[in-house]
Structure formats: structure tokens, C-alpha cells
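Spelled out from the first residue to the last, the chains are:
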Amino acid sequence: MAAEKLRDLSHPMDVALLDATVDAFYGTGSKEERAAADHILRDLQNNPDMWLQVVHILCNTTNLNTKFFALQVLEGVIKYRWNALPAEQRDGMKNYISEVIVKLSSDDISFRRERLYVNKLNIILVQILKHEWPARWRSFIPDLVAAAKTSETICENCMVILKLLSEEVFDFSRGEMTQQKIKELKQSLNSEFQLIHELCLYVLSASQRAELVRATLSTLHAFLSWIPLGYIFESMLLELLLNFFPVTAYRNLTLQCLTEVAALAFGEYYNKQYVKMYSIFMVQLQGIVPPSTNFLEAYANGNNEEQAFIQNLALFFTSFYKSHIRLLESSQESINALLMGLEYLINISYVDDTEVFKVCLDYWNSLVLALFEAHHNLDNPAATANMMGVQIHIIPGLNDAHNSPLMQRRQLYAGPMSKLRLLMICRMAKPEEVLIVEDENGNIVRETMKDNDVLVQYKIMRETLIYLAHLDHEDTEKQMLKKLSQQLSGEDYTWNNLNTLCWAIGSISGSMVEEQENRFLVMVIRDLLNLCEITKGKDNKAVIASNIMYVVGQYPRFLRAHWKFLKTVVNKLFEFMHEIHPGVQDMACDTFLKIVQKCKRKFVTVQVGENEPFVSELLTTLPTTIADLEPHQIHSFYESVGTMIQAESDAIKRDEYLQRLMQLPNQKWAEIIGQARQSVDFLKDPDVIRAVLNILQTNTSAATSLGTYFLPQISLIFLDMLNVYRMYSELISTSIAQGGPYASRTSIVKLLRSVKRETLKLIETFLDKAEGQPHIGKQFVPPMMDPVLGDYARNLPDARESEVLSLFATIINKYKGSMIEDVPRIFEAVFQCTLEMITKNFEDYPEHRLKFFSLLRAIAANCFPALIHLSSEQLKLVIDSIIWAFRHTERNIAETGLNLLIEMLKNFQASEFCNQFFRTYFLTIEQEIFAVLTDTFHKPGFKLHVLVLQHLFCLVESDGVTEPLWDVATVPYPYPNNGLFIREYTIKLLSSSFPNMTTTEVTQFVNGLFESGQDLPLFKNHIRDFLVQSKEFSAQDNKDLYADEAAVQREKERQRMLSIPGLIAPNEIQDEMLDS
């Protein structure tokens, strides 16, 4: 009864009843009571007339939750329906909200008591302003300033409103408002700023009230980034701020304001004022914290305010230097202040806090880059030798006029840069390759999870250190060797010190010229090997081992040039493979693979002083080398040795090495198959199944690195392997048929399936890696048709392996058109039955989903004629499944579906079935794409949605479809062309989907689509604006709408990095030609 009374909005609402309902929702009553209250409140919220009761509710309730509920209803109306309301209702609401705010903030007691409510009202007011101001509420800023002058509490609240407004317009507007609206609001704020500026100055110079001063400083902080500079430098503002800086209560807020000023950079007009501001600031700062302060301790022992101060100080220095460091290099006095500031910043950089360090590191990176770029002129011919690690020396006297300012600047920063090198070495972040870490109990353990923040930090630090090394190789080397000798002597030995030093040494790989690198590394590796010998204790050994492995893995050029060192290092790795410490063994295997990939030819040629190639020696001792390794480590080892064998150019030797490599697994395989021939039950033993799995995994690892050269080995086991596959498949089916769905989760069935998957993975790996051998496909595909494809079709859904789909996708991508006659057979086996599995919902069989669409895509790209010959029912199934894929909220499935759709559209457009295809599917595809484009769940697909729409609109605009797209039987009016029909159809479609938009707006958008169809960036922006306008995309993260632009930026950055020696680590560069 009460619920019905509340839902009847034809009379003023019973506010006491609403209070009770809200209390029931937030209360501690029964679950049923809360659910009933939730149901009523939702109904009220969704009722379009509910907002008319808001004023009545606010006037008659004292319950804060009820007020918030009413304001939530109001906020929805303001966001989505404001412009559609009659003018008197808009004005009434506007005036009411303003009056309540003024009333509540006019005296101190009610303002403090109702603080939360007033804050919410402020937000509502700013939401209204975004629609009303400036066009329909011109007097807003003058009214606000006039009200502020009537009382200090009103003034404080006015500051909060101004701050909110500034943030809405300048910080949060992207993706929330159209470009035009943002521009209009920015201009209004700029033109009316005079009044706000006067108010702020008045408060700062006259008010004694701490809360008001703080609110004003906080508002100024929001404004300073965009106001015209004259308001800062040609008024008292800067002076007032500098006077407030020493006052403890305002120190942090003032420093934030000064940081905003420091970050501004518009021409040279105010250079003198900047230098003066910096000088005064430095004098005051020394009074607050002397330069000799130990910031590491000060931060660790400080309270929140003090910690924030140190962080703000870092922000001030980095902001000022980024924009104005050049100004401080002009006179000796300002140079002294600059050097002192850099000293402060280096000391702050030692603070043990990630955020503070990020701020400092970001600046050090940009400063060092600027100093480095002045010397590394990319027009310099020496730069073309970039990847060989050639250094560019400036030759004194060659062009003194040009060089002297550069050299002077370099001298000026030599001191701080030397201290910065030490900082980078002491704080170096952990690289990805290092798998050994110290846990919270101080034990050395294997890392279980990668920390992405640390990896990003490592990347920036590595880049910074490389620039620092280029600026002064001698100093870099001296500091690193000095630190290393302190490790050896024990005076500075801790795990952390040794780690950061070795990570720093490894990170500058590629930045030195070869002879210097050789000299440096001989000393480093010798010292580290000595340290390993003289240090006792398992954990110590593990730390030192991980550091030796990291350093040697970073310097392939050195190892290639020094066989003795290479051999010593590899034998040391074999030694580490016997260390019973999982992290050490894993790292030894990883480093071995990394070194072999870069130096593989060294292992297959007879080196000076050797009787046979290293690979032959290694194969002889292989069983003892791998004796202590886990299966996954052995697989990595096999991949490494496969890489060596692959480098052997003599086919006879290569096959002999391969046969020796595979001797152990082949022996075991022959035993198992021999036993199975006598009794098939032998294969059902779990230990035997595990052994089969392990053998297959070992084969896969070797196939990964050997590629085509793996042919003799796979031919040896292929048919037996398919027989085992078929037998295990039947076992699985029987178990599932007898044991029901739970049988698929038993350990034995899981094991059997692992063998099937590994078999498919082995075949896929081999076929994928085998290059230039078209006959291999014909040799391997026919025998698989029944055991693999037939088995997939016959099996129960739970027993089907998704790897079958990816295997055939790989085969089609590899052998392309030659597979056309097999496509119908593949279709028949997998299409219908897989679709039934994956279209019941969006969750089941996730692996099958993605691989199914990848297979479809492979067929569309390489065997398109096979699709044309499908029956119309089958083609409809294909299109339905594609639509189904891009509706998926799983990003990679949706993207595969969209890419597939784009390929299909292009292929059909170029075929003789163009008219037929588009007549059937054009409208469906357009409607479905608009549905996912505007539903906010599919933002990551934005770029591809745009491409599909562009294709469709360009197609009709260029008359690519010559038959009518409308149904001639049901549409009596004959359109002159498809373009006009699609315009009208799209306008109807969007108008019905977005009732909050006027027909004019929708028509304008659709016309724009046709006009900008040929210009992708314009087309894309046009759609972005529409999404904002349709109000579907407000108050959300819209970065996916700008993904394309970000990708272009990333590629530019990669090209820049390739031009500087060492910036891309030598082991990440494909440099086959260097390994001779």
C-alpha cells in the first residue's frame, strides 16, 4: 500500500514515507526489506516525472540520504533532459538551487553542519551551468562575486564552486562535451576572469580566516594553469604567494600554486619575473629546510603534511626546470641557485617513495635527454652507425663558435650529472629477466609475479643511464667499477647494493664503443666470478649467480668476440643448472637460451684450441647437464640446443646432431610404443601418460627453434603419435559418456587431454615454423583428416580440443590457396558443431570462441572462393556468427570478428556477388555496428567500428552497389539511389534509438558521415562528437576512442630510440649478420 502511495506522483509526495523507505534501504533490517526498498527507489528514479517532486522533498526532509536521493534524480535530468525542459521549469530549478546554497553557506554553523549536502548542491549547480552558462545565464560570475563579498563563509563556498567549474571545463571535459561547447566555456571563463582575480587578491590580502584562505589558494591552484599570464605577473598575486610560502599552515597549498606558475611557458616576456621568483623562493626554502637535509630520513620520519611538502617540492623543481632551466644559466648568481636546486632535487630523489621517485625520475630523464641531444646531432653521419654502438666525439677546435656554448653547458652540469649517475646506480629498478627476489622475510626466492610498475621504472631508468653514459663514459665506468670493488672488499656488500649495481651495468649495454666495452666487461665479469668463489651461503650464491647471469645475458657482442669468455660463461650456466634453487635454475636456462640465440654460430664451428664444435661436446654430456633440471627447464634447454643445431649449414652434421639431441626422448618413446603394441592398456597408466606428455613437450621445444630442420624427427614419430591421439580421444569420450559432465574434470581425463593438446601444438609449431616447403603441407594434412578433424566432429562438446581450430587456422594461413579443396571438409567437421557450443551464451568454451573466429578469418583471407560456394544458409550462419562475435564483450573476440567482417566486406565488394551480398546483409550490419558503437561496452572496438561504417558509407556513396538496398515489394516509393535511401534509413534508426536528440541533430550527423567518408580522421572525430552528444558516453573513461592516435605516437618513439646506441638493448635487436 505504502509503495503504491509513493509511486503515485500526481500529488505532492509523502516525504516521511520516502524517508522511511530510504532508511529501510540503508538500514540494518532484513534482506527482504532492503530489496523491497531498493525496488521502490529504482522505480521512482526511472519515473520521468519524479524530478518535479525534488524541490518538495528537499524542503520537507532533514534526512541526508533522502536529500542525496532527490539530488541524484535531479542530476539525471540535468545530464540527459535539461535542454528539453520548458524555460520556466529550468529557471525555477536554477534559482531554487542557488538560493539553498546561499542560505546554507551564509552562516558558519549551518555551513559546517551541512557540508556534504552543500558540496552535492555545488556539483548540481555546476552541471546546470554547463548547459545554461554563458548563453542563458550571462550574469552568473558577477552574481557569484557579489554574493561572495557579503560573507566569508559564502565566499569560501563560492571558491569551491569556481574550482569545480574550472575542473569541469579544463580537466574533465574531453569526451563529456562537444569540442564547440568546451571552446565556448573556456572563452567565457577567460573573459570574465578579471572579477574572480580581484576577489582572490582581496581575500589573500585582507582575510584572517584560515579556512577561507585555504579555499582561495585551492581555487587559485585550479585556475593558474589557464589564466592569462598578466594576472599573475602584473599584479600582486605572485608576491602574495611567495609571502604565504614560509607560513606552515599554507605551505603546501602555496607550493602547489607556485608549481602551477612554474609550469607555465608562453614566450619570453616574463623571463625576468621567473628568475626573480626562483631566487626569492630559494632563499625562503633554505630557511625552511637547509640543503644539507637528509631527505631520506626526513621523509621516513615525517608526518603527512611534511611528506606532502617534500613531494610538492619535487614537483615545483621539476616543473620549473622543465620550462625555465635555460633562464637560470644566464648569470653566475642564478647558476648558483640552479645548482643548489639540483642538489635539493638529487637528495629528494633518494626518498623511499615510489610516487616521489617517479616525479624526479621523469624530470631527470628529460634533462639528460636534452643535454644528450645537443651532442648527438642526428644529422651527424656518425649517427648512421647507431646500432654498432659508435660514439660521437665532439672534436675541439673543429667549429669552436658552434661547440663552445655546448661544451660550457656540458661543463656546467658535469657535477650534478655525476651525482645523478650514482643515484641511478644505487636505485636501479629490477629488469624483467631477473627471477630472483628478496621476500618480506628476507629470504631469497623465485619471483612469482611480474610487477609492471617496476618494469616501467626500469625502462625509464635504463634510458636515463644510457644518456648519462653517452655524456661521460669515463665517469660512468669509474663509478660502476668503484662500487664493484666496494662489493668485493665487503665494505658496501648487501644484496640490494650488488643487485642495483649489476642491473645498472647490464642496462647500459650497447652504449660503449667495442674496445671500451671489452675492457670494462673483462673486469666486471672477473670480479663477479671472484665474488661468487669467495662468498659463502646459499642465498648469497643465488644473488650473485642471478647477477652474473643478468650481466652476461646483456652483452652478446662481447661474448661473440671472446670465445674463451663465452665458453666459461656457458659452463658456469651449466654449473648453475645444478644449484638446487628454482630461481637460479630457471634463470640459468633462460640466460642460456638468450645467449645461444645471439651467438649460435659460435657453437657449431670449431674454435681455436678446440677439437670439435662446442655443440658436439655438449650433446655428449647432455644427460649429466640436465640431470637436476625440472621438465619445463629441460624443454627450454632443448630449445636452446635446437637453436645451435639450426645454425649448422651442413645438412649431414645437422641431422646427426638432431638425432643425438633427441636420443633420450626417442628411446623412451620407442619403449612406450613397443609395450603398447603388446598391450594397449599399458598406455592407460597415469605415469605412462605423463611420460608421453613430457616427450611431446620436448619435441615441441626442439621444433620451435629448428623449424624446417625438425622434419626427420617429426616424420619418425608422426603416425604413432596420431594413433596415440586417436586412442586417448576414445578413452576421453568413453569416460565422459559414462561419468557425465564431471568426468571431464577428473585428473586422468585432464592428463589425456593434455597429451592431445600437446600433439596438436607440436604439429602446429612444426608446420608454422617450416619455411619454403609447400610439399610438407600435402604430406602432413591428409593423414590428420580423420584422426583429428573427424575426431573433433564425433566427440562430445566437452571433449573437443580448441587447438584443432587453431591448428587448421595455422595450416590455412601457411599454405593459403592450396588448401581450397580441403575447406568444405574442414567446414563440415567444425563449423556447425562449434557454433552450437559457443552461441548458447557469452561465457562457455572461451578458448573455442577465439580460435573459431581466427579459423574463419584465415579462410576468408586465404580461401575466399570457398566461402562464395557456401549455400545461402551456411553463409547466413557465417555472418550471424561474425555479428555474434563483435557483440562479444571479450575484447579479442570482438576485434577478431570485426577484422573478419572488414575482410569479408572488401572481398565481397570485389566479387561478382557484390549486389546479392549487400542487398541481403547491408542494413543488418549497419544496424548491428551502430548498436555496439553506442552501447559503451565495446569502446575498445571503436577504431574498427569506424572502419566498417566508413566502408559501408563509401560503398553506397560511390554507387558500389548497383541494385536497390530497399525491399522493392514493401517500399512503394522508389529512391533515386542507394545513398538517399541509406541516409533516410540511418536517420530513422538513430532518431528512434536516441529520443533525447532532435531530428535536426541526427540529420546533421548522418549528412556529416557521408561528407567526411573519404577522410578517416575527420570521419572518426565526427563520430566521437556524436557519441558525446548522444549523452551515451559521459562520465566514463574514453581513452579507447583515441587509441589510433596513441599507436602512431608509439611508432615514432621506437624510430627515435633505434637511432641512439644502446637505447634498444642489443639482445632485443635482430642482428643475425653480426653473428658470423
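Cut-offs applied
Residues numbered from 1 in each chain as written. Predicted model: local features only at pLDDT ≥ 70, side-chain atom pairs only at ≥ 80, totals over all residues. Heavy atoms only, no water. Helix = DSSP H or I, 4+ residues; strand = E, 2+ residues; numbered from the N terminus. Buried < 20%, exposed > 50% of the residue type's maximum accessible area, 1.4 Å probe, protein only. Contact = heavy atoms within 4.5 Å. Areas by Shrake-Rupley, 256 points an atom, 1.4 Å probe, with all protein chains shown as cover. Lys, Arg positive; Asp, Glu negative; His and termini not counted. Charge placed at Lys NZ, Arg CZ, Asp CG, Glu CD. Phe/Tyr/Trp six-rings, centres within 6.5 Å; stacked < 30°, edge-to-face > 60°. Lys NZ or Arg CZ within 6 Å of the ring centre and 35° of its normal. Core = buried A, V, L, I, M, F, W, Y, C linked by side-chain atoms within 4.5 Å. 1 Å grid on protein atoms, 1.4 Å probe; cavity = no way out; pocket = protein on both sides within 12 Å on 5 of 7 lines; lining within 4 Å. Points joined across faces, edges and corners; volume = space filled by probe spheres on them. Nonpolar A, V, L, I, M, F, W, Y, C, P; charged D, E, K, R; others polar. Polar contact = N/O pair within 3.5 Å; in protein donor to acceptor, adjacent residues only side chain to side chain. Axes fitted to C-alpha atoms, helices over the stretch in contact; angles between N-to-C directions. Left-handed = near helix turned anticlockwise from the far one by under 90°. Parallel < 35°, antiparallel > 145°, perpendicular 65-115°, else oblique. Expected span 1.5 Å × (residues − 1). Salt bridge = Lys/Arg side-chain N within 4 Å of Asp/Glu carboxyl O.

A. Quick peek at the overall build of the chain. A count of helical and extended segments in the chain gives 50 helices and two strands. Once the C-alpha set of the chain is aligned to its principal axes, its extents read approximately 100 × 85 × 65 Å. Relative to its 1076 residues, the chain shows a buried fraction of 53%. Sequence-distant contacts in the chain: of pairs separated by 6 or more residues, those separated by 24 or more amount to 75%. Element-wise, carbon and sulfur atoms account for 53% of the exposed surface of the chain, whose accessible area totals about 48200 Å². If you average the places of the 102 positive and of the 132 negative side-chain charges in the chain, the two averages end up 1 Å apart.

B. Seen up close, the environment of glutamine 663. Within the element layout of this structure, glutamine 663 appears in helix 34 (residues 663-678). Of the residues examined, glutamine 663 reaches a relative accessible area of 43% and is grouped as partly exposed.

C. Molecular detail of the packing of aromatic side chains. Enumeration according to the criterion identifies 52 aromatic pairs in this entry. On the numbers, 6.2 Å between centres and 85 degrees between planes, the contact of phenylalanine 281 with phenylalanine 317 is edge-to-face. Linking phenylalanine 281 in helix 17 (residues 271-288) with phenylalanine 317 in helix 19 (residues 304-324), this pair joins segments that are 36 residues apart in sequence. Judged by its relative accessible area of 0%, phenylalanine 281 is buried. Pairing tryptophan 966 with phenylalanine 981 gives two aromatic rings, centres 5.6 Å apart and planes at 55 degrees, and the pair type is tilted. Linking tryptophan 966 in the loop between helix 46 (942-957) and helix 47 (978-993) with phenylalanine 981 in helix 47, this pair joins segments that are 15 residues apart in sequence. Here tryptophan 966 and phenylalanine 981 have matching classes, each one buried. The side chain of arginine 654 reaches across the aromatic face of tyrosine 709, ending 3.5 Å from its centre.

D. View of the nonpolar core. If you look at the biggest cluster of nonpolar residues, it comprises 358 residues, and the most contacted ones within it are Phe281, Phe317, Tyr321 and Trp364. When residues in this core are grouped by element, the largest group, 12 residues, is from helix 21 (residues 354-375). Those residues in contact with phenylalanine 317, other than ones at most four positions away along the chain, are Tyr278, Phe281, Met282, Leu285, Gly341, Tyr344 and Leu345.

E. Spotlight on the layout of surface pockets. A volume near 640 Å³ is recorded for the second largest pocket. Lining the second largest pocket are 23 residues, with Arg427, Met428, Asn496, Thr500 and Trp503 positioned closest to its centre. Sorting the residues of the lining of the second largest pocket by element identifies helix 21, helix 22 (400-427), strand 1 (436-438), helix 23 (452-471), helix 25 (495-507) and helix 27 (538-554) as the ones contributing at least two each. The element that contributes the greatest number of residues to the lining of the second largest pocket is helix 25, accounting for four residues. Residues of the lining of the second largest pocket, tallied by class, amount to 12 nonpolar, six polar and five charged.

F. Fine view of the side chain of lysine 572. Considering the arrangement of structural elements, one finds lysine 572 in helix 29 (residues 563-576). Within polar-contact distance, the side chain of lysine 572 engages the side chain of glutamate 575 at 3.1 Å. In this view, lysine 572 contacts Leu529, Cys532 and Glu533; residues no more than four positions away in its chain are not counted.

G. The arrangement of the side chain of serine 705 in detail. Mapped onto the elements of the fold, serine 705 is located in helix 35 (residues 686-706). Of the polar contacts made by the side chain of serine 705, one reaches the backbone nitrogen of threonine 643; its length is 3.3 Å. Setting aside chain neighbours within four positions, we find serine 705 in contact with Tyr638, Glu639, Gly642, Thr643 and Gln646.

H. Layout of the packing of helix 12 (residues 193-206) against helix 15 (residues 237-244). It is the contact of helix 12 with helix 15, at a shortest axis distance of 11 Å, that shows an interaxial angle of 35 degrees. The chirality of how helix 12 crosses helix 15 is left-handed. For the pair helix 12 and helix 15, contact is made by Leu201, Leu204 and Ser205 and by Leu237, Leu240 and Phe244, respectively. Looking at the contact of helix 12 with helix 15 residue by residue, the classes come out as five nonpolar, one polar and no charged.

I. Geometry of the packing of helix 48 (residues 999-1011) against helix 49 (residues 1016-1029). With their axes 10 Å apart at the nearest point, helix 48 and helix 49 run at an angle of 165 degrees to one another. As judged from the angle between their axes, helix 48 and helix 49 are roughly antiparallel. Crossing hand, helix 48 versus helix 49: left-handed. Contacts from Glu1001, Gln1004, Phe1005, Gly1008 and Leu1009 in helix 48 reach Phe1019, His1022, Ile1023, Phe1026 and Gln1029 in helix 49. A per-class count over the contact of helix 48 with helix 49 returns five nonpolar, four polar and one charged.

J. Local environment of unusual backbone geometry. The residue after tryptophan 133, namely proline 134, is reached through a cis peptide bond having omega 0 degrees. Looking at the secondary structure, you find proline 134 in the loop between helix 8 (115-132) and helix 9 (140-148). Positive phi values are uncommon outside glycine, yet lysine 816 reaches one of about 45 degrees. By the secondary structure assignment, lysine 816 is in the loop between helix 39 (803-815) and helix 40 (823-838). Since its relative accessible area comes to 43%, lysine 816 is described here as partly exposed.

K. Summary view of helix 35. For helix 35, built from 21 residues, the straight-helix expectation of 30 Å at 1.5 Å per residue is met to within 8% by its first-to-last C-alpha distance of 30 Å. Of all 21 residues in helix 35, 15 are buried, a share of seventy percent or more. Where helix 35 begins, the side chain of aspartate 685 points an oxygen toward the backbone nitrogen of aspartate 687, at a separation of 2.7 Å. Phi turns positive, to about 60 degrees, at glycine 707, one or two residues after helix 35.

L. Quick peek at the pattern of salt bridges. All told, the structure shown has 50 salt bridges when counted by the stated rule. Across the salt bridge formed by glutamate 903 and arginine 857, the nearest N and O atoms sit 3.1 Å from each other. Here arginine 857 lies in helix 41 (residues 846-862) and glutamate 903 lies in helix 44 (residues 891-909), a separation of 46 residues in the sequence. Ionic contacts of the salt-bridge type, sharing partners, join the residues Arg753, Lys756, Arg757, Asp791, Glu801, Glu803, Glu847 and Lys851 into one network.

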